[in-house]
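What the coordinates show
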Amino acid sequence: SWAAYMARARLDRLADPGAGLRVGRSSLALAAARAGLGVALGPERLAGAEIAAGRLEVVGDVSLPMASDYVAVTPHALGRKKALRGLVEFLRQ
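Here's a quick rundown of the structure. None of these values were measured; they are calculated from a predicted model.

1. Observations regarding the environment of A35
- Tracing the backbone shows A35 in the loop between α2 (26-34) and α3 (44-52).
- Classification of A35 as exposed rests on a relative accessible area of 57%.
- When the C-alpha positions of A35 and L56 are compared, they lie 9.7 Å apart, and in sequence the two are 21 residues distant.

Structure, rendered in structure tokens:
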């Protein structure tokens, strides 16, 4: 959350974490930042390619642990597909 990020960065008295654009998905937050609408918090795993390509940049050196784990679910039959097994292996890294 922005409040946790700002507290860790010792910015909790400099800005209102509730102000500004709010979206419900990390991918939307990253897209908004890429479009120049502000700064986004998001998983480095999702932002990595955009950062590497220079479309986004990391601001400062503060990071937060993920508040919850991600899980991938699929119907059982799809779990046998090679492409999906590759994705699961990538996510385990």
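Additional details are given in the paragraphs that follow.
2. Overview of the environment of G60
- Along the polypeptide, G60 turns up in the loop between α3 and α4 (82-92).
- In this structure G60 comes out as exposed when scored by relative accessible area, which is 59%.
- When the C-alpha positions of G60 and A9 are compared, they lie 8.8 Å apart, and in sequence the two are 51 residues distant.

3. A closer look at the pattern of salt bridges
- With the rule as written, the count across this model stands at two salt bridges.
- Where R34 meets E50, a salt bridge forms, and the shortest distance between an N and an O atom there is 3.3 Å. Of this pair, R34 sits in helix α2 while E50 sits in helix α3, placing them 16 residues apart in sequence.
- For R34, a relative accessible area of 40% puts it in the partly exposed group.

4. What about the side chain of E50?
- E50 sits in the buried class, given a relative accessible area of 16%.
- Looking at E50, its side chain comes within polar contact range of the side chain of R55, at 2.6 Å.

Thresholds applied
- Sequence order as written defines residue numbering, which begins from 1 separately in each chain.
- Local features in a predicted model are, by the rule used here, given only for residues with pLDDT of at least 70; side-chain atom pairs are given and counted only at 80 or more, and totals for whole chains, interfaces and linings are based on all residues.
- The side-chain values count all of the structure's non-hydrogen atoms but skip hydrogen atoms and water molecules.
- Secondary structure is summarised from DSSP: a helix means a run of H or I of at least four residues, a strand means a run of E of at least two, and numbering begins at the N terminus for each.
- The classification of residues rests on relative accessible area computed with a 1.4 Å probe and restricted to protein chains. Under 20% of the type maximum is buried, over 50% is exposed, and intermediate values are partly exposed.
- In what follows, salt bridge is the name for a side-chain nitrogen of Lys or Arg lying within 4 Å of a carboxyl oxygen of Asp or Glu.
- In the analysis that follows, any N or O atom pair within 3.5 Å is treated as a polar contact, provided that within protein one partner can donate a hydrogen and the other can accept it, and provided that, for residues neighboring in sequence, both atoms belong to side chains.

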